[in-house]
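Coordinate analysis (summary)
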Amino acid sequence: MPALERTLDPDVLLAWYDRHGRTLPWRLPRGEKPADGALSSSTPPRPEPYRVWLSEIMLQQTTVSTVIPYYERFLSLFPTLEALAQAPLETVLHNWAGMGYYSRARNLHACARALTEQGGFPADPDSLRKLPGIGPYTAHAISAIAFGLPVIPVDGNVERILARLAAVAQPLPGARPLLARLGEQLGERLASAPRARHRASDFAQALFDLGATICTPRAPSCLHCPWRESCRAQAGGLAESLPARQKKKPRPVRYGVAFRVRDAQGEVLLRRRPAQGLLGGMDELPGTPWHETPWEEAAAFHHAPLIQMPGTPEDPPAAGQPRPRQGQWVRAGEIKHVFTHFTLMLTVYDWQPQDALPSSWPEGLQFHPPARATLSGVLKKCLAVSVPTPAASPSSLTRPRKILQP
Ligand code: SF4
């Protein structure tokens, strides 16, 4: 079974981290003492659990540069765990909007409430894993960084480092259990190194920095790596080809049609998605369900708000109430949005009524200023589609159309 070299020394990585570690808003500035003055002088400073947890949840599937402004805004709006727990879920979702993977925001809120009820963060990974939204990686990250336990948080970056250090030939994702065992082996190595054990918080962060700046997915800088003498991939000239990956199946495509109604003030007719599931609790344009084949125009228009279908008896409209017919919608364009498990192609139709709008719409629909809506990435793209000039406007769903890239 692949294993780590005996010479692999945690102290060597820590010495490198002291010189080259990144400065990030959720870390303590170099040399800062812990806010908790009760800690003994022999306890190395560690960031607060709240900050570690918040940053780790945000960093799941999102890059550091995207997370930084969100993290800073969250800390100014919700400076403590209690402040986050007391905030309405809608406010949390609104401020999360744009970062995607909204179940993280719902779990963040549920977790804040659970933690305030139980009086704060537990230190051990097993207790942390019982909380909403905290999986094995996040539990180990909080235990190591905030509480200094000698455990290794194994995410994709750390998997890559481990696969290279031990020259693991088995491709991902099948190699994951083996890489988890190598993570445990590294944790044991850390626990048995007296000086490094004392700095388990720094060690976890040093691993992240090694993966982000030296042992990168492409073209790793092995020449500058503190562990190059103990790396089996480097010795075998395999660094760039590891970790191996199984060929992915092509991502399936789903299709939908969305109907955008804007009033004279620029407010948009929106509905709220169910709290659970994909984009749960976010606002969206009314439209069709998403399915595996493109929509026929006539079928799609059955899902338009207040549409009068040709050949169906018309309800007597209230005086002055506008009722868009099929021909009054302008096909604005199509957006593409990539989710983890499928790609969404959404055709956007637009209607800007010239007359006064009705005061009531079908249940669940309401006009909102876009700035006050809970905007998902999909909705942002739908709102950004501009209406083509009449001469350029195609009238059928089947014509060639411009695809807006994500
Ligand atoms: S020597 Fe190269 S492949 Fe090995 S851990 Fe360092 S950067 Fe990664």
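Because the structure is predicted, anything quoted here is derived from the model rather than measured.

1. Observations regarding the overall build of the protein chain
- From N to C terminus, the protein chain includes 15 helices and seven strands.
- Residue burial in the protein chain is summarised as follows: out of 406 residues, 34% are buried.
- Long-range contacts, defined as pairs at least 24 residues apart, comprise 68% of the intrachain contacts of the protein chain with a sequence gap of at least 6.

2. What to know about the pairing of strand 4 (residues 330-338)
- Pairing analysis gives eight bridges linking strand 4 to strand 5 (residues 343-351), with the strands arranged antiparallel. The partner of Arg 331 across the bridge, within strand 5, is Tyr 349.
- Linkage of strand 4 to strand 5, two consecutive antiparallel strands, is achieved through a turn of four residues.

3. Considering unusual backbone geometry
- Cis rather than trans, the peptide bond between Leu 172 and Pro 173 has omega equal to 5 degrees.
- Within the secondary structure layout, Pro 173 lies in the loop between helix 9 (156-165) and helix 10 (176-191).
- For the bond from Leu 242 to Pro 243, the omega torsion is -5 degrees, close enough to zero to count as cis.
- Here Pro 243 lies in the loop between helix 13 (232-235) and strand 1 (253-261).
- Residue Ala 219 is not a glycine yet carries a positive backbone phi of 45 degrees.
- Within the secondary structure, Ala 219 sits in the loop between helix 12 (200-213) and helix 13.

4. Let's talk about the sheet that holds strand 2 (residues 268-272)
- Spatially, the three strands line up as an open sheet ordered 3-2-6, and their pairing is antiparallel. Taken across any chain shown, the strands that pair with only one partner, and hence form the sheet edges, are strand 3 (283-284) and strand 6 (366-368).
- Bridging between strand 2 and strand 3 involves two bridges; their strand directions are antiparallel. Within strand 3, the residue paired with Arg 272 across the bridge is Asp 283.

5. As for the environment of Gln 276
- Checked against the element boundaries, Gln 276 lands in the loop between strand 2 and strand 3.
- By the C-beta count within 10 Å, which is 9 here, Gln 276 ends up exposed.
- In this structure the C-alpha to C-alpha distance between Gln 276 and Ser 103, which are 173 residues apart in sequence, comes to 8.1 Å.

6. Focus on the nonpolar core
- Ile 142, Leu 162, Phe 203, Ala 204, Leu 207, Val 348 and Cys 382 are the most contacted members of the largest nonpolar core, which has 94 residues in total.
- Built from parts of two domains, this core gets at least three residues from each of domain 1 (10-241) and domain 2 (253-404).
- Setting aside residues up to four positions removed in sequence, Leu 207 forms contacts with Val 158 and Ile 161.

7. Observations regarding the pairing of strand 1
- Of all nine residues in strand 1, seven are buried, a share of seventy percent or more.
- Pairing of strand 1 with strand 5, which is carried by nine bridges, proceeds in the parallel orientation. Looking across to strand 5, one finds that Gly 256 is bridged to Leu 346.

8. Some thoughts on helix 1 (residues 10-20)
- Taken residue by residue, helix 1 has Pro 10, Leu 13, Leu 14 and Tyr 17 as its buried positions. Here the buried residues of helix 1 occupy an arc of 100 degrees about the axis, which is enough to place them on one side. Facing away from the buried side of helix 1 by more than 90 degrees, the exposed set consists of Asp 18 and Arg 19.
- Those residues of helix 1 hidden inside the fold are in contact with helix 10, helix 11 (194-197) and helix 12.

9. What to know about helix 12
- Across its 14 residues, helix 12 extends 20 Å between first and last C-alpha, which sits within 8% of the 20 Å expected from 1.5 Å per residue.
- Regarding helix 12, the residues found buried are Ala 200, Ser 201, Asp 202, Phe 203, Ala 204, Gln 205, Ala 206, Leu 207, Phe 208, Leu 210 and Gly 211.
- Residues of helix 12 that are buried in the fold lie against helix 1, helix 8 (136-147), helix 9, helix 10 and helix 11.

10. Here we look at the packing of helix 8 against helix 12
- Relative orientation of the contacting elements helix 8 and helix 12 amounts to 130 degrees, with a least axis distance of 6 Å. Looking at the two axes, helix 8 sits oblique to helix 12. As helix 8 packs across helix 12, the resulting crossing turns out to be left-handed. Touching Ala 141, Ala 144 and Ile 145 of helix 8 are Ala 200, Ser 201, Ala 204 and Gln 205, all from helix 12.

11. A closer look at the confidence of the model for the protein chain
- Summary statistics for the protein chain give a mean pLDDT of 87 and a share of 85% for residues scoring 70 or more.
- This stretch, residues 316-321, has a pLDDT under 50; its non-local contacts, to residues over four places away or in other chains, come to five contacts.
- Every residue in residues 392-406 is under pLDDT 50, and counting partners more than four places away or in other chains gives 29 contacts.

Thresholds, definitions, all that
Residues numbered from 1 in each chain as written. Predicted model: local features only at pLDDT ≥ 70, side-chain atom pairs only at ≥ 80, totals over all residues. Helix = DSSP H or I, 4+ residues; strand = E, 2+ residues; numbered from the N terminus. Buried ≥ 20, exposed ≤ 12 C-beta atoms within 10 Å, placed from the backbone. Contact = placed C-beta atoms within 7 Å. Pairing = 2+ DSSP bridges. Core = buried A, V, L, I, M, F, W, Y, C linked by C-beta atoms within 7 Å. Domains from an automatic or database assignment. Arc of directions from axis to C-beta. Expected span 1.5 Å × (residues − 1). Axes fitted to C-alpha atoms, helices over the stretch in contact; angles between N-to-C directions. Parallel < 35°, antiparallel > 145°, perpendicular 65-115°, else oblique. Left-handed = near helix turned anticlockwise from the far one by under 90°. pLDDT = per-residue confidence, 0-100.

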